[in-house]
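# Structural features, examined
In case you want the letters, here they are:
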Amino acid sequence: MVKSIIHFPSDEWIKIFKEELNKNTTYQEVAKDWEGDFLFVITPDQELKKETVFYIDLWHGKCRDAYLVEGEKTAKFVFKGPYSNWKKLIQKELDPIRGLIRGLFTVDGDSRVILDQAKAAQELVNTASKIPVVF
Amino acid sequence: MEHLVDCFFWDPAISFDTELSFTSEDIGDGISLRKPVFTVEVLEKIIDRIKTARQEYRRTRDIPAVFDAIDKVNELWRNPNYKGRKIARNVLPIVTGFSIEMIESWGFDYFFDILKKENLPLAGKLQAQNYREFLPCGDGLVKAFGQPHIKYLNYEPEVIGHICAGNILGLAAFEMVMDKLVDAATWVKVPSEEPVFGALYAKSIEEIDPLLAHTIAVLPFNSDNIMVQEFLFSKSNLVRATGGEYARKNLSELAAKHKVPLAGHWHKFSFITIAREYLNKTQAQEIAELTSLDVCAWDQQGCFSPQEIYVEIGGDVSPKDFAGLLAVEIEKTTRALPKGRNSGKMQVLDGYYQYFTKETMGESVKIFPSKTHQWLVIYDESNPNCEPSPLFRVIRVKPVADIMDILQKVRPLGSFLQTVGVAIPQNRLISFANVIGQAGATNIRTISGMTLQKTWEPWDGRFPLQELFEHDSLHWVSIDTKDINTEIKTALQRKRLIVDDRLLPKKS
């Protein structure tokens, strides 16, 4: 369990997220068929001035790599939304699929795959919600 | 023996303090329709139950569970031997006046494809700034016109009401599904012209997922029942309604009185445009085949049905000769998809005598009639303006020098414009779509597909899912394909599965 409080969004946060995800046995089980990397794009709003992008490489229930992107990067899926919605997401106030349906997030890539992997998506959120953060 | 068909649905476990009364209407062929007599006490219990069922569902299930349930429901309905479909097959031709062939092939076979899990919209909203030109969406293209000025926003609607017009078969089912994707409880007023399918569909949801079904109430009541409408509006976060001018006026007043956002879909004007490139000697007949399907589908009763056909001059086949080809094809299509009980024979005869007189008087008009007055094609050079059709398979074909000239004809109709059936080559289609979309049209569809809504397409310029939680000033325009030549080939295959040569009389 993470003890110290970490700033979100930051490279430190995504690295801790990777560690915690790899400890999450539920995630390992529900995401065992998942193959594909993500860009998590946090777009600026009133509280965040600069766009922040996380890269995260997910492969059969494991996180192989995760870091704050500096410069250009591509991935199979891009999950994108404003900072305020990301805050709600990692505080479990917003479900990722419900967020997509309401246009609070957008996804580039086959959104059907994400729908089929809803339980894995939920575990990503559960893991993120357990990391103590300061916004 | 009388077959009693219930036109209502709610959680059957609801108990009412006083016994509920019913009316029964004999519609012929041994079938009676049963409808409840609503009181405020009854409605209160029903609305309370759909709200508690919604809360319970949200607490215990997620959106993928909704997708899975709907997919299983549609699997039931795709089976021609499913009991609900059998009831619908017996009852719908009588209550709607559409032929069984129309309901089965153009209705069921296509409609349940729309509601397949993989076709349901996952993204309810697009970002307008990314669609300022026609760009890919689904298997077609969309473009945003106007500004995203938000007029209403509620991401968590608790109760959504739907008032369904009788001319769109299956609308009640579509509305139930859309509501479930935004976690809302649903009441649906089914139309008196077709009060059956909504309840049958809700019961089929109950077979798969009872709790999901119990978030739905299907309520048949007359449009003039003020008590019921006032009560339901007062309990709703949003009402979506389809209907004509009478419904628009009454429901707008009701919505204003109860301060309920109203998503209205009212009277519309749709038409067909055929470019000269498709009027070569080989393709003109195929285009006529496809066009005949748009004229025959739902006996032209839908808002998306064509009222006029504009044919560009300069092709190998003239607009007048195209009208002749179309008449031949409508006759064939009518054999495969006959008109229903409400044949509109008077409309056809009226059109016949009106234009017969004009033709006899030497006006530049030619009529192509059906021997049995089932349909009528009118080639009309006498009036270049756009005119509403009498419908019931009566269609005017008018020549235009250039498809871009159509803009001047239809621009005055503005927001009344809706679907434009097209056979226009890709290199001219986008510029046509730009001007016709700017004028007010919303759905540009390849001919023969005018009545076939795709789930990713906007409806009257708004996305059906987004409209349940957000209203803005944007006007979205869609083109149903990225490649019209491929779409025409596919459409021709689909059409020939329905209008098969085996249905035609044998040559002696």
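Residues numbered from 1 in each chain as written. Chains lettered and ligands numbered in written order. Predicted model: local features only at pLDDT ≥ 70, side-chain atom pairs only at ≥ 80, totals over all residues.

## Topic: the overall build of chain A
- Each helix and strand counted, chain A has six helices and seven strands in total.
- What you see in chain A, going N to C, is helices and strands ordered as β-α-α-β-β-β-β-α-α-β-α-α-β.
- Radius of gyration (C-alpha) of chain A: 14 Å, near the 14 Å computed for a compact globule of 135 residues.
- When its C-alpha atoms are laid out on the principal axes, chain A stretches across 35 × 35 × 30 Å.
- Across the 135 residues that make up chain A, the buried fraction comes to 34%.
- Contacts spanning at least 24 positions in sequence make up 66% of the contacts within chain A whose residues lie at least 6 apart. (Helix = DSSP H or I, 4+ residues; strand = E, 2+ residues; numbered from the N terminus. Rg over C-alpha atoms; globule rule 2.2 N^0.38 Å. Buried ≥ 20, exposed ≤ 12 C-beta atoms within 10 Å, placed from the backbone. Contact = placed C-beta atoms within 7 Å.)

## Quick notes on the overall build of chain B
- If you tally the helices and strands in chain B, you get 15 helices and 20 strands.
- Here the C-alpha atoms of chain B give a radius of gyration of 23 Å, agreeing with the 23 Å that 2.2 N^0.38 yields for 508 residues.
- Along the longest, intermediate and shortest principal axes, the C-alpha atoms of chain B span 70 × 60 × 40 Å.
- Per-residue burial over chain B gives 52% buried out of 508 residues.
- Long-range contacts, defined here as pairs at least 24 residues apart, represent 78% of the contacts in chain B between residues at least 6 apart.

## Quick notes on the interface of chain A and chain B
- Counting residues at the interface gives 12 residues for chain A, matched by 16 residues for chain B.
- Listing elements by their share of the side of chain A that touches chain B, those giving two or more residues are α4 (96-101) and α5 (111-116) of chain A.
- Take the side of chain A that touches chain B: its biggest share by element is four residues, from α4(A).

## Some details on the sheet that holds strand β12 (residues 269-274) of chain B
Residue and element names in this part refer to chain B.
- In spatial order, the strands read β4-β5-β20-β18-β17-β12-β13-β16-β15-β14; together these 10 strands make up an open sheet with mixed pairing. In this open sheet, the two edge strands, each paired with only one partner strand, are β4 (135-137) and β14 (365-369). The sheet shows a mean angle of 25° between the axes of neighbouring strands, taken without regard to direction.
- As paired strands, β14 and strand β15 (residues 376-380) are joined by five bridges and run antiparallel to one another. Considered in β15, the bridge of Lys 366 is made with Tyr 379. (Pairing = 2+ DSSP bridges. Axes fitted to C-alpha atoms, helices over the stretch in contact; angles between N-to-C directions.)

## What to know about helix α1 (residues 11-23) of chain A
Residues and elements named next belong to chain A.
- End to end, α1 covers 19 Å across 13 residues, agreeing with the expected 18 Å (1.5 Å per residue, within 8%).
- Residues of α1 that are buried: Trp 13, Ile 14, Ile 16, Phe 17, Lys 18 and Leu 21.
- Against β1 (6-7), α2 (25-30), β3 (52-59), β4 (62-68), α6 (118-129) and β7 (133-134) lie the buried residues of α1. (Expected span 1.5 Å × (residues − 1).)

## Overview of the packing of helix α3 (residues 83-96) of chain B against helix α6 (residues 197-208) of chain B
All names here are of chain B.
- Between α3 and α6, whose axes approach to 10 Å, the crossing angle comes to 175°. The orientation of α3 relative to α6 falls into the category roughly antiparallel. Residue-level inspection shows Gly 84, Ile 87, Ala 88 and Leu 92 of α3 in contact with α6, the latter providing Phe 197, Leu 200, Lys 203 and Ser 204.
- Looking at the contact of α3 with α6 residue by residue, the classes come out as five nonpolar, two polar and one charged. (Parallel < 35°, antiparallel > 145°, perpendicular 65-115°, else oblique. Nonpolar A, V, L, I, M, F, W, Y, C, P; charged D, E, K, R; others polar.)

## Comments concerning the confidence of the model for chain B
- Confidence in the prediction for chain B averages 93 pLDDT; 98% of positions are at 70 or higher.
- Here the predicted complex carries an ipTM of 0.87, next to a pTM of 0.92. (pLDDT = per-residue confidence, 0-100.)

## Considerations on the pairing of β4(A)
Residue and element names in this part refer to chain A.
- Where β3 and β4 come together, six bridges link them in antiparallel fashion. The partner of Asp 57 across the bridge, within β4, is Asp 65.
- Where β3 folds back onto β4 in an antiparallel hairpin, the turn is made up of two residues, including His 60, whose phi is positive at roughly 50°.

## Digging into the domain arrangement of chain B
Residue and element names in this part refer to chain B.
- Here chain B is described as being made up of domain 1 (3-127 + 157-265) and domain 2 (269-502).
- Computed over C-alpha atoms only, the centres of domain 1 and domain 2 are separated by 30 Å.
- Each partner contributes to the interface: domain 1 provides 30 residues, whereas domain 2 provides 28 residues.
- Those elements that place two or more of their residues in the side of domain 1 that touches domain 2 are α3, α4 (100-114), α5 (171-181), β10 (238-242) and β11 (262-265).
- The dominant element in the side of domain 1 that touches domain 2, judged by the number of residues it contributes, is α4, at six residues.
- Of the residues contributing to the side of domain 1 that touches domain 2, the split by class is 18 nonpolar, eight polar and four charged. (Domains from an automatic or database assignment.)

## Observations concerning unusual backbone geometry
- Between A:Phe8 and the following residue, A:Pro9, the backbone shows a cis peptide bond with an omega angle of 0°.
- Within the fold, A:Pro9 resides in the loop between β1 and α1.

## Let's talk about the packing of helix α2 (residues 63-78) of chain B against α6(B)
All names here are of chain B.
- Close contact between α2 and α6 brings their axes to 9 Å; oriented N to C, the two are set at 120°. The hand of the α2/α6 crossing is right-handed. Contact with α2, carried on its side by Ala 69, Lys 72, Val 73, Leu 76 and Trp 77, involves Ser 204, Ile 205, Glu 207 and Ile 208 of α6 and no other residues of that element.
- Residue composition of the contact of α2 with α6, by class: six nonpolar, one polar and two charged. (Left-handed = near helix turned anticlockwise from the far one by under 90°.)

## A look at the nonpolar core
Residues and elements named next belong to chain B.
- Within the largest apolar cluster, 192 residues are counted, with the highest numbers of intra-cluster contacts made by Ala 172, Val 196, Val 218, Phe 322, Val 377 and Val 397.
- Top contributing element to this core by residue count: α5, with eight residues.
- Of the domains in this structure, domain 1 (3-127 + 157-265) and domain 2 (269-502) are the two that each give at least three residues to this core.
- Apart from residues lying up to four places away in sequence, Val 377 is in contact with Ala 323, Leu 326, Ala 327, Ile 330, Phe 368, Ile 395 and Val 397. (Core = buried A, V, L, I, M, F, W, Y, C linked by C-beta atoms within 7 Å.)

## Considering the sheet that holds strand β2 (residues 35-43) of chain A
All names here are of chain A.
- Taken in spatial order, the five strands make up an open sheet running β4-β3-β2-β5-β6, and their pairing is mixed. Only two strands of the sheet have a single neighbouring strand rather than two, namely β4 and β6 (106-108). Adjacent strand axes in the sheet meet at a mean angle of 20°, parallel and antiparallel pairs treated alike.
- As paired strands, β2 and strand β5 (residues 77-82) are joined by six bridges and run parallel to one another. Its bridge partner lying in β5, Phe 38 is registered against Phe 77.
- α1 contacts β3 and β4 of the sheet and is inclined by roughly 175° relative to β4.
- Along the sheet face, helix α3 (residues 83-90) touches β2 and β5 and points at about 105° away from the line of β5.

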